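Structural overview for review
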Amino acid sequence: MTTKKRLLSGMQPTGGGRLHLGNLEGALRPWVQLQDQYEMFCFIADWHSLTTVAEQQMDIAEASRQTAMDYLAAGLDPDKCAIFRQSDVKEHAELHLLLSMVTPVGWLERVPTYKDKRDLVRENELQVSYGLLGYPVLQTADIIVYRAHLVPVGKDQEAHLEISRDIARRFNRLTGEDIFPEPEGLISETTGELPGTDGRKMSKSYGNAIYLSDTPKQTQKKINSAFTTPTKIHITDPGIPEGCAACRLRRIYDPDGYRTQWDECRAGLRGCGQSKKELAEIINATLEPIRARRAELEADPPFVDQVLKQGAERARAAAAETLTLVRRALKL
Ligand code: ADP
Ligand code: TRP
């Protein structure tokens, strides 16, 4: 019997499932650092990705394999951490159903990510699905089915965690049993929101992402097209590093050396071309070991399948124990 605290996190395999630098710095790297200290569950939220109409047309199984390869390539160790697909552990769905009985609709309608997505769906003249409204209920089930204490995620997930705590507390109160700990977020503050090449938050859905699986050449090309200081046309024009996507990325990936680059940029002592070339070299060097490991995994599909199978078995065993308690608490 392990005495380590339980930690759970996951990502959706949207947009083909490949992960980018924002996912790496905001979520994956923190996970890798935590896997020695905690009993860890890292899953691929394939059901969640079906809340987006576009994803319903995608090959979700293939996208999930891509996400799994990025998890492994970034250093998640399947011996330390259960890596699995949400849809392989049906207990998430049963708990989602039961939690949906105790979750007020008003709570869900107030979640900011829901409001944004709902407006987007309506702008495109589509219908808002029941699943989209219930997204945070499924996310809560994902977490508390393992009675996890900690959930390491990026800042944008804070609102979801808040409602997860509310739902867990409400279930405990209504049943008079203390089954679920209230899950705490472990928010990665190191980089905040990592910018994409256009200066907005890096995201699969903005077309501004550098992927772990991009080649060094693709990376250089994307960085060459990055947003810089619009008024810096000649080398001698002063730049504004705080407002430049390439300079902000440099600060993250070159924490010791970026000041000189920023000072020279401000003073008009260097051009954006040189800065971008250097940035691509720094990022490519950082990604090199991840890409090498990914190439090995791409050549060994049975290994990846085996990891997902074993991960699901471990997860199922833990989730089944919780469901026994839940059914008993509800006198089912
Ligand atoms: P995307 O916006 O690309 O679809 P997700 O919303 O699936 O990314 O996020 C998966 C995880 O990665 C979450 O924990 C999220 O907080 C983190 N994350 C995503 N984009 C960034 C970013 N640009 N900077 C930091 N963390 C991020
Ligand atoms: N909503 C999360 C995201 O977009 C993905 C997710 C689903 C998740 N279930 C989870 C994250 C449970 C942490 C815990 O990134």
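Since we're looking at a predicted model, the values are computed, not measured.

1. Concerning the site of ligand 1
- Neighbouring residues of ligand 1: 16 residues in total, closest His20, Gly154, Asp156, Ser203 and Lys204.
- Here an oxygen atom of ligand 1 and a side-chain polar atom of histidine 20 are 2.7 Å apart.
- Within the contact set of ligand 1, a nitrogen atom lies 2.9 Å away from a backbone nitrogen or oxygen of leucine 194.
- Here ligand 1, which alone exposes 540 Å², has 91% of that area covered by the protein.
- With four residues, the single largest contributor to the shell around ligand 1 is helix H1 (residues 21–34).
- When grouped by side-chain class, the residues that make up the shell around ligand 1 number five nonpolar, seven polar and four charged.

2. Side note on the packing of helix H11 (residues 216–224) against helix H14 (residues 272–298)
- Close contact between H11 and H14 brings their axes to 9 Å; oriented N to C, the two are set at 145 degrees. Between H11 and H14 lies a crossing of right-handed hand. Contacts from Pro216, Thr219, Gln220, Ile223 and Asn224 of H11 reach H14 at Lys276, Lys277, Leu279, Ala280, Ile283, Asn284 and Arg291.

3. Section: the site of ligand 2
- Taken together, 14 residues form the shell around ligand 2, and within it Gln12, Tyr135, Gln139, Asp142 and Gln157 come nearest.
- The contact in question runs from a nitrogen atom of ligand 2 to an N or O atom on the side chain of glutamine 139, over 2.8 Å.
- Taking 370 Å² as the accessible area of ligand 2 by itself, protein coverage stands at 90%.
- Elements supplying a minimum of two residues to the shell around ligand 2: strand E1 (6–11), helix H9 (135–144) and strand E4 (150–153).
- It is H9 that contributes the most residues to the shell around ligand 2, four residues altogether.

4. Some points on the domain arrangement of the protein chain
- Domain annotation of the protein chain identifies domain 1 (6–194 + 301–329) and domain 2 (214–294).
- The straight-line distance from the C-alpha centre of domain 1 to that of domain 2 is 33 Å.
- Listed per partner, the contact involves 15 residues of domain 1 and 10 residues of domain 2.
- Across the domain 1 to domain 2 interface the summed buried area is about 990 Å²; carbon plus sulfur atoms make up 61%.
- Taken as a group, Leu21, Ala73 and Leu194 account for 43% of the area that domain 1 buries against domain 2, more than any other trio of residues on that side.
- Between arginine 294 and aspartate 70 there is a salt bridge, with the nearest N and O atoms lying 2.5 Å from each other.
- Connecting domain 1 to domain 2 are three residue pairs in polar contact (both at pLDDT 80 or more).
- Contributing elements (two or more residues each) for the side of domain 1 that touches domain 2: H1 and helix H4 (60–73).
- In terms of residue count, the dominant contributor to the side of domain 1 that touches domain 2 is H4 (five residues).
- Residue classes in the side of domain 1 that touches domain 2 are distributed as eight nonpolar, two polar and five charged.

Quick notes on the rules
Throughout, residues of each chain are indexed from 1 in the direction in which the sequence is written. Key to labels: chains lettered from A, ligands numbered from 1, both in the order written. Where local features are concerned, this predicted model is filtered to residues with pLDDT of at least 70; where side-chain atom pairs are given and counted, the filter is 80 or more; whole-chain, interface and lining totals use all residues. Hydrogens and water are ignored here; the side-chain numbers use all heavy atoms of the structure. The criterion for a residue being near a molecule or strand is simple. One of its heavy atoms has to lie within 4 Å of it. Here a polar contact means two N or O atoms within 3.5 Å. Within protein one must be a hydrogen donor candidate and the other an acceptor candidate, and residues neighboring in sequence count only if both atoms are side-chain atoms. Using a 1.4 Å probe, the Shrake-Rupley method yields the accessible areas, and only the shown protein chains count as cover for residues. Strands here are runs of E lasting at least two residues and helices are runs of H or I lasting at least four, both read from the DSSP assignment and numbered beginning at the N terminus. Residue polarity follows a fixed list, in which Ala, Val, Leu, Ile, Met, Phe, Trp, Tyr, Cys and Pro are nonpolar, Asp, Glu, Lys and Arg are charged, and the others, Gly among them, are polar. To obtain an axis, a line is fitted to C-alpha atoms, over the contacting stretch when the element is a helix, and the angle between two such axes runs from 0 to 180 degrees between their N-to-C directions. Left-handed describes a crossing whose near helix is turned anticlockwise from the far helix through less than a right angle; right-handed describes the clockwise counterpart. In this description, contact between two residues means that some pair of their heavy atoms is separated by no more than 4.5 Å. What marks off one domain from the next here is an automatic or database domain assignment. Summed over both partners, buried area is the accessible surface (1.4 Å probe) that two parts give up on being assembled. Only one rule defines a salt bridge in this text: a Lys or Arg side-chain nitrogen within 4 Å of an Asp or Glu carboxyl oxygen.

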